[in-house]
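# Close look at the chain arrangement
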Amino acid sequence: MDFATWEPIYERILEDFGFDRVGDEKAAIFLSGMLTQENTVSLSELKAIISGKYVLVCGNAPGLRSDLSEINLSDFTVIAADGAAAVLMDMDIVPEVICTDLDGNSEADIEKEILACQKGSIVLIHAHGDNIDKLEKYVPRFRRFIATTQARPFDKVYNFGGFSDGDRCFFVATELGAKKVKLAGFDFEDKDVNPIKKKKLKWAKKLIGIYDF
Ligand SMILES: Nc1ncnc2c1ncn2[C@@H]1O[C@H](COP(=O)(O)OP(=O)(O)OP(=O)(O)O)[C@@H](O)[C@H]1O
Ligand SMILES: Nc1nc2c(c(=O)[nH]1)N=C(CO)CN2
Ligand SMILES: [Mg+2]
């Protein structure tokens with residue numbers, strides 16, 4: 001989604017959560033400053049594993065494992081949303097791509113993302129106004145990554161559209177030309193989540209619904 005289309009949606013999301021755009025912009029600049037020639041994954045490398053492929057986007061709903069048991073993973077490029085990467089790693093599955101803002105459910109989850117990166121996952125690290133501390137602490141431990149923002153993209157900081165980790169995975173797949181996108185581990189109506197997560201899931205449902213899949 002180009003930024004002109006995304007921007008009014010982004011403004012509505014900021015308003016709904018009471019988040020601050022300036023904070024997001026500062027975080028994006030901070031993350032951009034951590035990119036080097038050695039640690040930057042190119043867009044063409046990411047595109048090569050998504051374009052024209054069947055893509056499975058994994059969210060971290062409680063049903064993820066059960067959904068995966070019914071899917072032949074070798075048919076898909078697997079993209080994991082933050083905490084879902086840890087679930088996959090625990091099943092000895094290294095996702096091809098991970099979208100994370102590094103605020104997964106525990107430090108152990110982040111360690112599993114770092115391990116996945118060492119084993120070849122392309123990690124899209126997302127900067128926003130509430131994760132600068134996490135960026136500072138963990139980004140140096142990722143061998144290679146792609147930087148993303150929800151604000152205006154610049155230089156090598158990309159915005160494919162989407163807000164929370166799960167819907168950003170979906171937008172990455174769609175924007176980079178996946179042949180078809182399937183979801184696993186998504187329960188938008190989950191009652192066992194806190195109010196903020198509930199709101200994020202409401203937006204995720206709406207954002208993913210923009211595309212007909
Ligand atoms: N019922 C659900 N509970 C949690 N996550 C879900 C659910 N259904 C779908 N998801 C998707 O899984 C993604 C990863 O969830 P997880 O809770 O592991 O990470 P998170 O880092 O806390 O998420 P976020 O930072 O996006 O709020 C979410 O961004 C969401 O889009
Ligand atoms: N400013 C801000 N932006 C976000 C946040 C957050 O907590 N604050 N959480 C996200 C992932 O769910 C996505 N974007
Ligand atoms: Mg997260």
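A quick note: this is a predicted structure, and the numbers were derived from the prediction, not measured. (Residues numbered from 1 in each chain as written. Chains lettered and ligands numbered in written order. Predicted model: local features only at pLDDT ≥ 70, side-chain atom pairs only at ≥ 80, totals over all residues. Heavy atoms only, no water.)

## Let's talk about the site of ligand 2
Contacts to ligand 2 come from Phe 19, Asp 24, Asp 101, His 128, Gly 129, Asp 130, Gln 150, Phe 163, Ser 164 and Lys 200. Lys 200 places a side-chain nitrogen or oxygen 2.8 Å from an oxygen atom of ligand 2. For ligand 2, the protein covers 93% of the area, taking 330 Å² as the surface of the free molecule. Split into classes, the residues belonging to the shell around ligand 2 amount to two nonpolar, four polar and four charged. (Near = heavy atom within 4 Å. Polar contact = N/O pair within 3.5 Å; in protein donor to acceptor, adjacent residues only side chain to side chain. Areas by Shrake-Rupley, 256 points an atom, 1.4 Å probe, with all protein chains shown as cover. Nonpolar A, V, L, I, M, F, W, Y, C, P; charged D, E, K, R; others polar.)

## Remarks on the site of ligand 1
Ligand 1 sits among 19 residues. The nearest are Asn 60, Asp 82, Asp 103, Asp 165 and Lys 197. A distance of 2.7 Å separates an oxygen atom of ligand 1 from a polar side-chain atom of Asp 82. A distance of 3.3 Å separates an oxygen atom of ligand 1 from a polar atom in the side chain of Lys 200. The protein chains hide 94% of the 580 Å² of surface that ligand 1 would expose on its own. Contributing elements (two or more residues each) for the shell around ligand 1: α8 (165-175) and α9 (195-209). It is α9 that contributes the most residues to the shell around ligand 1, three residues altogether. (Helix = DSSP H or I, 4+ residues; strand = E, 2+ residues; numbered from the N terminus.)

## Re the UniProt feature "domain: 6-hydroxymethylpterin diphosphokinase MptE-like" (unreviewed entry) in the protein
According to UniProt, the positions carrying the feature "domain: 6-hydroxymethylpterin diphosphokinase MptE-like" (unreviewed entry) are residues 39-191. Secondary structure over residues 39-191 splits into 33% helix and 21% strand, and the C-alpha atoms at its two ends are 39 Å apart. (UniProt positions renumbered as here; feature names shortened; annotations may be inferred.)

## Observations concerning the nonpolar core
A general tendency of soluble globular proteins is for nonpolar side chains to be buried together. Ranked by internal contacts, the top residues of the largest apolar core, which has 37 residues, are Leu 31, Ile 125 and Phe 142. Once residues within four sequence positions are removed from consideration, Ile 125 is found in contact with Leu 31, Thr 100, Leu 102, Leu 135, Val 139, Phe 142, Phe 145, Ile 146, Ala 147 and Thr 148. Membership of the second largest hydrophobic core comes to 35 residues, among which are Val 55, Val 97, Tyr 158 and Ala 173. (Core = buried A, V, L, I, M, F, W, Y, C linked by side-chain atoms within 4.5 Å. Buried < 20%, exposed > 50% of the residue type's maximum accessible area, 1.4 Å probe, protein only. Contact = heavy atoms within 4.5 Å.)

## Focus: the coordination of the magnesium ion (ligand 3)
Coordination sphere of the magnesium ion (ligand 3), protein contribution only: Asp 82 (OD), Asp 101 (OD), Asp 103 (OD) and Asp 165 (OD), at 2.1 Å. Coordination at the magnesium ion (ligand 3) is octahedral: its six donor atoms span angles of 68 to 165 degrees at the metal. Sequence spacing of the donor residues for the magnesium ion (ligand 3), all on one chain, is D-x18-D-x1-D-x61-D. Here the residue Asp 82 occupies a position in the loop between β2 (77-81) and α5 (83-90), and Asp 101 occupies one in the loop between β3 (97-100) and α6 (107-118), the gap between them amounting to 19 residues. The burial state of Asp 82 is the same as that of Asp 101; both residues are buried. (Donors = N, O, S within 2.8 Å, 3.2 Å for Na, K, Ca; no water. Tetrahedral: all angles 85-135°; square planar, octahedral: opposite > 155°, others 65-115°.)

## Details of the sheet that holds β3
Sheet architecture is open: seven strands sit in the order β6-β5-β4-β3-β2-β1-β7, paired in parallel fashion. Every other strand in the sheet has two partners, leaving β6 (157-158) and β7 (180-184) as the edge strands with one partner each. Across three bridges, β2 lies against β3 in parallel orientation. Paired with Ala 81 across the two strands is Cys 99, which belongs to β3. Where helix α2 (residues 21-32) meets the sheet, it contacts β4 (122-127), β5 (145-149) and β6, and its direction lies at approximately 160 degrees from that of β5. (Pairing = 2+ DSSP bridges. Axes fitted to C-alpha atoms, helices over the stretch in contact; angles between N-to-C directions.)

## Focus on the pairing of β5
Of all five residues in β5, five are buried; the element is thus mostly enclosed. Of the two faces of β5, both are covered, the one formed by Phe 145, Ala 147 and Thr 149 as well as the one formed by Ile 146 and Thr 148. In the sheet, β4 pairs with β5 via five bridges, with the strands oriented parallel. Residue pairing across strands places Leu 124 opposite Ile 146, the latter belonging to β5. Once you follow β4 into helix α7 (residues 132-138) and on to β5, the crossover reads as right-handed. (Right-handed = clockwise from strand over helix to strand, strands pointing away.)

## Examining the environment of Glu 11
Secondary-structure assignment places Glu 11 in helix α1 (residues 3-17). Taking the relative accessible area as the measure of exposure, Glu 11 reaches 36% and is therefore partly exposed. When the C-alpha positions of Glu 11 and Lys 26 are compared, they lie 16 Å apart, and in sequence the two are 15 residues distant.

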